[in-house]
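# Structural features, examined
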Amino acid sequence: MLWGIIGLGLLLRLPLLSQSLWLDEAIQALALQGHYGNLWSYALSDFQPPLYHYLLSAWTSIFGYSEIALRTPSLLAGVFTIYFVYLLGGKLGGSKIGLFASLLAATNPLLIYYSAEGRTYALTTFLVTASMYYFLQLASSTSGHNTKYKIQYTLFTTLSLWTSYLAWLMVIVQGYYLLRRRNYRTLLHLCFAALTLL
C-alpha cells in the first residue's frame, strides 16, 4: 500500500518537471553556470544557507541544466518526504495513521508544487521531516543511548539548518522540548547541529 501511495505521489509530480523555469529557478541555473561569479560568493550572498547550491552544482555537473535536471533533486526530496511522513505517522499513531498521513503528503498541492521547483523548499521539507522522525525515536527511546538514531538525528538536523533558515523554527521547538524533559544528551546533539553554522 505504501509503495502505491509513493507511486501516486511521483506520478502527480512528474508533469510539472518540464515547465519553463520561473525567475528564481532561472537565476539559480545562471548562478550554477558561473554567470554571477563563483558559486561560493553567490551562495553566501543568497538569503538561504549554501548547502542546496552545492548539492545542485554537483547534480547539474552530471545531468546538465535542463528544466528536468534542475528540478529532479526536489522531486526526489518530495518522494522521500512522503516516506518519512509515513514513518512519522506510524510512530505517532500506528500503521493506518502512517498510511493516511503519507497519502495526504503525496496529494498535497503545495508539496506537489515545491517538489517540482528547482529551489530549496522540497529539500528543506524532507530534511526537517526526517529530523523530526529521528527526534521522536530518541525521545521515545527507553535508554536514550541509541547511537544510530543520534547520528541520524544530528545529520538530518544539521543538513536542514544548512538548507534553510526556516529550519531554526524546528530547532527552537525541539530545544524547548528537550529542556523541559531534561534530555541534555539529545540537546547536546541539537546544539552541535546548530553550532555548525558558525
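Everything below is about the structure shown above.
Here's a quick rundown of the structure.

## What to know about the packing of aromatic side chains
The full count for this structure, using the stated rule, is 15 aromatic pairs. Pairing Phe84 with Tyr133 gives two aromatic rings, centres 6.0 Å apart and planes at 70°, and the pair type is edge-to-face. With a gap of 49 residues between them, Phe84 in helix α5 (residues 67-93) and Tyr133 in helix α8 (residues 121-140) connect regions that are remote in the sequence. Of the two residues, Phe84 and Tyr133, neither departs from the other in class, the shared state being buried. Their ring planes at 85° and their centres at 5.8 Å tell us that Phe126 and Phe156 sit as a pair that is edge-to-face. Placement of Phe126 in helix α8 and of Phe156 in helix α9 (residues 147-161) is noted, with a sequence separation of 30 residues between them.

## Concerning the nonpolar core
Core analysis: the biggest nonpolar cluster contains 34 residues, and Phe84, Phe126 and Tyr134 have the highest contact counts within it. Among the secondary structure elements, those contributing two or more residues to this core are α2 (23-32), α3 (39-45), α4 (51-63), α5, α8, α9, α10 (167-181) and α11 (184-195). In terms of residues, this core owes the most to one element, α8, which gives ten residues. Each residue touching Phe126, except ones within four places of it in the same chain, is listed here: Ala77, Phe80, Thr81, Phe84 and Phe156.

## Looking at the packing of α5 against helix α6 (residues 95-107)
One way to put it is that α5 packs onto α6 with a least axis distance of 7 Å and a crossing angle of 150°. The pairing of α5 with α6 is recorded here as roughly antiparallel in orientation. Here the hand of the crossing between α5 and α6 comes out right-handed. Side by side, α5 and α6 meet where Ile82, Val85, Tyr86, Gly89, Gly90 and Gly93 of the first sit next to Ser95, Ile97, Gly98, Leu99, Ala101, Ser102, Ala105 and Ala106 of the second. Broken down by class, the residue content of the contact of α5 with α6 amounts to eight nonpolar, six polar and no charged.

Definitions and limits used
Residues numbered from 1 in each chain as written. Predicted model: local features only at pLDDT ≥ 70, side-chain atom pairs only at ≥ 80, totals over all residues. Heavy atoms only, no water. Phe/Tyr/Trp six-rings, centres within 6.5 Å; stacked < 30°, edge-to-face > 60°. Helix = DSSP H or I, 4+ residues; strand = E, 2+ residues; numbered from the N terminus. Buried < 20%, exposed > 50% of the residue type's maximum accessible area, 1.4 Å probe, protein only. Core = buried A, V, L, I, M, F, W, Y, C linked by side-chain atoms within 4.5 Å. Contact = heavy atoms within 4.5 Å. Axes fitted to C-alpha atoms, helices over the stretch in contact; angles between N-to-C directions. Parallel < 35°, antiparallel > 145°, perpendicular 65-115°, else oblique. Left-handed = near helix turned anticlockwise from the far one by under 90°. Nonpolar A, V, L, I, M, F, W, Y, C, P; charged D, E, K, R; others polar.

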